[in-house]
Amino acid sequence: MSEKMSLSSLEALKIAFTYMPRSIEVTKFEYGDRYQKVLDHIEAVREILLINDVDPDEVYGEINPENSPNSTY
């Protein structure tokens, strides 16, 4: 298991993650022969976020609350 990141490094990773494509958007048509490498990179970042107790699916809303829809639950 990896060590937890510093808060400033984790914040930087979360910001960078918001600019990464979503896995569902990564296709061979769009990325060519690199598509699997791009998927691997996305998964690597998601794993580090999870190790640091951050839900990757909630990162965008945390970083950009003004652009996120309000929750209905």
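For the structure itself, look to the data block above.
Fair warning: this is a prediction, and the values are worked out from it, not measured in the lab.

Conventions adopted
- Residues numbered from 1 in each chain as written.
- Predicted model: local features only at pLDDT ≥ 70, side-chain atom pairs only at ≥ 80, totals over all residues.
- Heavy atoms only, no water.
- Helix = DSSP H or I, 4+ residues; strand = E, 2+ residues; numbered from the N terminus.
- Expected span 1.5 Å × (residues − 1).
- Buried < 20%, exposed > 50% of the residue type's maximum accessible area, 1.4 Å probe, protein only.
- Arc of directions from axis to C-beta.
- Contact = heavy atoms within 4.5 Å.
- Core = buried A, V, L, I, M, F, W, Y, C linked by side-chain atoms within 4.5 Å.
- Polar contact = N/O pair within 3.5 Å; in protein donor to acceptor, adjacent residues only side chain to side chain.

Trainee: It is not clear to me how helix 3 (residues 35-51) should be interpreted in this structure. Could you clarify?
Mentor: Turn by turn, an α-helix covers 3.6 residues, leaving residues three or four places apart pointing in a common direction. The terminal C-alpha atoms of helix 3 lie 25 Å apart, and with 17 residues this matches the ideal 24 Å at 1.5 Å per residue to within 8%. Of the residues making up helix 3, those classed as buried are Val38, Ile42, Val45 and Leu49. The arc that holds every buried residue of helix 3, seen down its axis, measures 65°, which confines them to one face. The exposed residues of helix 3 that point more than 90 degrees off its buried face are Lys37 and Leu50. For helix 3, the elements touching its buried residues are helix 1 (7-19), helix 2 (28-31) and helix 4 (59-63).

Trainee: Hey, could you run me through the nonpolar core in this one?
Mentor: Generally speaking, nonpolar side chains in soluble globular proteins are found buried as a group. If you look at the biggest cluster of nonpolar residues, it comprises 11 residues: Leu10, Leu13, Phe17, Val26, Val38, Ile42, Val45, Leu49, Val54, Val59 and Ile63. Of all elements in the fold, only helix 1, helix 3 and helix 4 reach the threshold of two or more residues within this core. Looking at this core element by element, the count peaks at four residues for helix 3. Setting aside residues no more than four positions away along its own chain, Phe17 makes contact with Ile42, Val45, Arg46, Leu49, Pro56 and Val59.

Trainee: What is the right way to read helix 1 from this model?
Mentor: Look at helix 1: 19 Å from first C-alpha to last across 13 residues, which is about the 18 Å you get at 1.5 Å a residue. The complete set of buried residues in helix 1 reads Leu10, Leu13, Lys14, Phe17 and Thr18. Down the axis of helix 1, the buried side of the element spans an arc of 140°, and every buried residue falls inside it. The exposed set on the far side of helix 1, more than 90 degrees from its buried face, consists of Ser8 and Tyr19. Contacts made by the buried residues of helix 1 are with helix 3 and helix 4.

Trainee: How should the environment of Lys14 be read in this particular structure?
Mentor: Topologically, Lys14 is positioned in helix 1. Separated by 49 residues in sequence, Lys14 and Ile63 have C-alpha atoms that sit 7.4 Å apart. Look past the residues within four positions of Lys14 in its chain and what remains in contact with it is Leu49, Val54, Val59, Glu62 and Ile63. Side-chain polar atoms of Lys14 contact the side chain of Glu62, separated by 2.4 Å.

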